[in-house]
Structure formats: structure tokens, C-alpha cells
Amino acid sequence: MELVEYLGKTVRVTFIDGQILSGKIVDYTSSADNDDEGEYLTIRPQSGKLKGKPIVFYKGDFNQIVIK
């Protein structure tokens, strides 16, 4: 699945460091819009210390995204 297809979906993301965040994907930025630094998503976690804060992550930062 392409990253843009997660926009607006509630997901569970498992990062390469083992951290897990669940929340809604609220933004997508393409590689072209990011001066070719790579595409990324922004999630707003639903719980925990980061609840409600926008967290940006790049395609290489995670192992898995599961739509809830």
C-alpha cells in the first residue's frame, strides 16, 4: 500500500525501534513536496504521552502499519 492511502485512516504503527503508536493519519507529504527528502506521514496518537500531538515519520522509520 502506498503511504498516501493511509491518509485519514486510524492505524497502528510499529516503528523499527519497537515503539508502537495508534492513531489517525492526519497528513501526508510526498517526496516532491519535501525537496526529495522522502515521503512522510503525520499521526495523532490516541493515547499515551504523545496523545493528540502531531508525530511525523518517514517511510523508513517503521516496520509495519495496520489499519484498525
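The model shown is predicted, which means the values in this text are computed figures rather than measured ones. (Residues numbered from 1 in each chain as written. Predicted model: local features only at pLDDT ≥ 70, side-chain atom pairs only at ≥ 80, totals over all residues. Heavy atoms only, no water.)

Caption draft 1: Quick look at the confidence of the model for the protein chain. Predicted confidence across the protein chain gives a mean pLDDT of 94, with 100% of residues reaching 70 or more. Looking at the elements of the protein chain, mean pLDDT is at its lowest for strand β4 (residues 55-58), recorded as 96, and at its highest for strand β1 (residues 10-15), recorded as 98. (pLDDT = per-residue confidence, 0-100. Helix = DSSP H or I, 4+ residues; strand = E, 2+ residues; numbered from the N terminus.)

Caption draft 2: Structural view of the pattern of salt bridges. Within the structure shown, the criterion is met by one salt bridge. Of the charged contacts, one joins E39 and K59 as a salt bridge, the two residues approaching to 3.4 Å between their closest N and O atoms. A residue pair is termed long-range when its members are at least 10 positions apart, and E39 in the loop between β2 (20-29) and β3 (40-45) and K59 in the loop between β4 and β5 (62-67) qualify at 20 residues. When its relative accessible area of 46% is taken as the criterion, K59 is described as partly exposed. (Salt bridge = Lys/Arg side-chain N within 4 Å of Asp/Glu carboxyl O. Buried < 20%, exposed > 50% of the residue type's maximum accessible area, 1.4 Å probe, protein only.)

Caption draft 3: Structural context of the nonpolar core. By size, the foremost hydrophobic cluster in this structure holds twelve residues: L3, Y6, V11, V13, F15, L21, I25, L41, I43, F57, F62 and I65. Among the elements of the structure, β1, β2, β3 and β5 are those that each provide at least two residues to this core. Ranked by residues supplied to this core, first place goes to β1 with three residues. (Core = buried A, V, L, I, M, F, W, Y, C linked by side-chain atoms within 4.5 Å.)

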